[in-house]
Each structure stands twice: as structure tokens, then as C-alpha cells.
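Understanding the architecture of this molecule
Spelled out from the first residue to the last, the chains are:
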Amino acid sequence: MPIEGPVEGEIPEGISPDARETWPSSELISSWLGDVDLDVEWRPGETSDVAADDLEAVAAARRFRDVLGRFASGVTVVTAMSGGEPVGMTCQSFSSVSLDPPLVLFIPARTSRAWPMMQRAGRFCVNFLAHDQADLSNAMASRGNDKFAGLAWTPSAGTGSPVLPGTLGHVDCTIHAVHEAGDHFVVIGRVLDLVASDEAELPLLYYQGQYRTTT
């Protein structure tokens, strides 16, 4: 005689009626089973998903991260005003481009929440972080909505974008060009104004997945 299973929707014998409330989430179950994407962090607050069951892709991603992590870079916070509200994002990928005309670039991820608002604004300000501003970098790299709470920023002279206190300096720009580059955008900014600060001397650096400085 075949054994009959429980009727659909019926609680099997021996299981508490509230058992479902204590079950692990589907995300946690998936992680136990291994069928989940692996977050590989390239820069502060920026990760890329790699299929955890694709061993070659995982190995390649880790090698890419480990080798590129040997290149030390400064840490910046790019800011703008959007809809009358300040927006900001931590950005390790910043560089000067041209002296004539004066151009710089930064590279936001396609998944960035701040970049679309900056693009609509058409302007931005790059703040160079000092050695003691790792907490500020982490705050601006988070996905929180109130990154500027309690932060006494001032508007920049050229674009009105937030200039953060205690930084090494800032560069105020309008958006000159935007280029697609894989899972990122390359944003070229035309410099309107730039200021070096006397408040701090040592930079905040990012090297091998950690904050460092020049000492």
C-alpha cells in the first residue's frame, strides 16, 4: 500500500504550527547550498557579483583584485547637489587627465546610486580625503540615505557642490564627457575651480584592501 503524504497546505504531523517563522531565510539556505553570488570588493564600498559555483570566474576575480590591489591610490569623496539635497560617493578611481583644457576623471560603477543624480546635476566636486578620514570614506561608501547627517559641509565656489571639512583639497567640475566602460562609467570633468587645504597634510590611501597613509 502506498504511503500517503500530507495534503498540500496541511502541517505535517510532529511539526509545530509556527515552525515556518523560525525557518532560515531563502538567502541563507542558498548560501549554505553554495548556489549564491560571491561579492568581490574592488574599492571601498564597491563590489561585483561573481557566480560562486563558477570556480574559474572566482579565481580570476580574486587574482584581478589581488594584483590590482598592489597599486596604492588616494581616496576621494565625489559630491554634488541634486534636487536641493547633497549626494556623495567614495571613489578610489580618480585621476588628472589634461592641463589644457584642465580635465580630471572619476569612474563610478553602473550600480552606483549617487552617480545618476550627479549626472542629472551636470556638475560635481572631488574631495581628497586626509589620513584620519577613513570613517568619512566608509560613511560615503555606504548605501544609507542620510550620509551627510551631522556633517558641516560648505558649498563649493564653482558649482555649489559640498566641500567636506578636514580634506586635503578639492576640485570643482562640470561634466565634460561620459564614456561606457564595462560595468563602470568613465566620467570626464572640466575643472572650474580647485583649492588646496592647509588643514591636513597626510593623505588617506587604499592598498591591498585596507586604508593606509604615507607614514
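Structural data are supplied above this passage.
Residue numbers here run from 1 along each chain, matching the order of that chain's written sequence. Two thresholds apply to this predicted model, a pLDDT of at least 70 for residue-level local features and 80 or more for giving and counting side-chain atom pairs, whereas whole-chain, interface and lining totals are computed over all residues. Based on all heavy atoms of the structure, the side-chain values leave hydrogens and waters out of the count.

Take the overall build of the protein chain next. In terms of helices and strands, the protein chain carries four helices and 14 strands. When burial is assessed residue by residue, the protein chain has 34% of its 215 residues classed as buried. It only takes one pair of heavy atoms within 4.5 Å for two residues to be counted as in contact. Partitioning the intrachain contacts of the protein chain with sequence separation of at least 6 by distance along the chain shows that 59% fall at a separation of at least 24. Per element, the accessible surface of the protein chain, about 13300 Å² overall, is 53% carbon and sulfur. Helix and strand definitions follow DSSP, with helices as H or I runs of at least four residues and strands as E runs of at least two, each counted in order from the N terminus. When a residue's accessible area, from a 1.4 Å probe over protein chains only, is under 20% of the maximum for its type it is buried; when over 50% it is exposed; and in between it is partly exposed. Surface exposure here means Shrake-Rupley accessible area, sampled with a 1.4 Å probe, where a residue is shielded only by the protein chains that are shown.

Let us look at helix α3 (residues 114-121). Of all the residues in α3, the buried ones are Ala114, Trp115 and Met118. Seen end-on, α3 carries its buried residues on one side only, within an arc spanning 90 degrees. Against the buried residues of α3 lie β4 (76-82), β5 (85-91), β7 (103-106), β8 (123-128), β11 (169-181) and β12 (184-196). Gly122 sits one or two positions beyond α3 and adopts a positive phi of about 80 degrees. Directions are taken from the helix axis to each C-beta atom, and the arc is the one they span.

Each aromatic pair joins two rings of Phe, Tyr and Trp (for Trp, the six-membered one) with centres within 6.5 Å, and gets the label stacked for planes under 30 degrees apart, edge-to-face for over 60, and tilted for any other angle. Scanning all chains against the criterion turns up six aromatic pairs. When the centroid spacing of 6.5 Å and the interplanar angle of 40 degrees are considered together, the rings of Trp115 and Phe185 count as tilted. Note that Trp115 is positioned in helix α3 and Phe185 in strand β12, a separation of 70 residues in sequence. The same class applies to Trp115 as to Phe185, namely buried. Centre to centre, the rings of Tyr206 and Tyr211 are 5.6 Å apart; their planes meet at 65 degrees, and the pair counts as edge-to-face. Overall, the relative accessible area of 7% leaves Tyr206 in the buried class. Classification of Tyr211 as partly exposed rests on a relative accessible area of 26%. Here the aromatic residues Phe106, Trp115, Phe124 and Phe185 are joined through ring pairs into a cluster of three or more.

Take the pairing of β12 next. By the bridge criterion, four bridges tie β7 to β12 in an arrangement that is antiparallel. Bridged to Leu103 within β12 is Arg190. At least two bridges found by DSSP between two strands is the condition for calling them paired. Two strands pair when backbone bridges link them, and β11 and β12 are joined in this way by 12 bridges, in the antiparallel orientation. Its bridge partner lying in β12, Ile175 is registered against Gly189. Between β11 and β12, which follow one another and run antiparallel, lie two residues, and Gly182 among them has a positive phi close to 65 degrees.

A two-sided burial pattern is seen for β7, the buried positions comprising Leu103 and Leu105 on one face and Val104 and Phe106 on the other. Pairing between strand β6 (residues 94-98) and β7: four bridges, direction antiparallel. Bridge pairing links Phe94 to Phe106 in β7. In this structure, the hairpin formed by β6 and β7 is closed by a connection of four residues.

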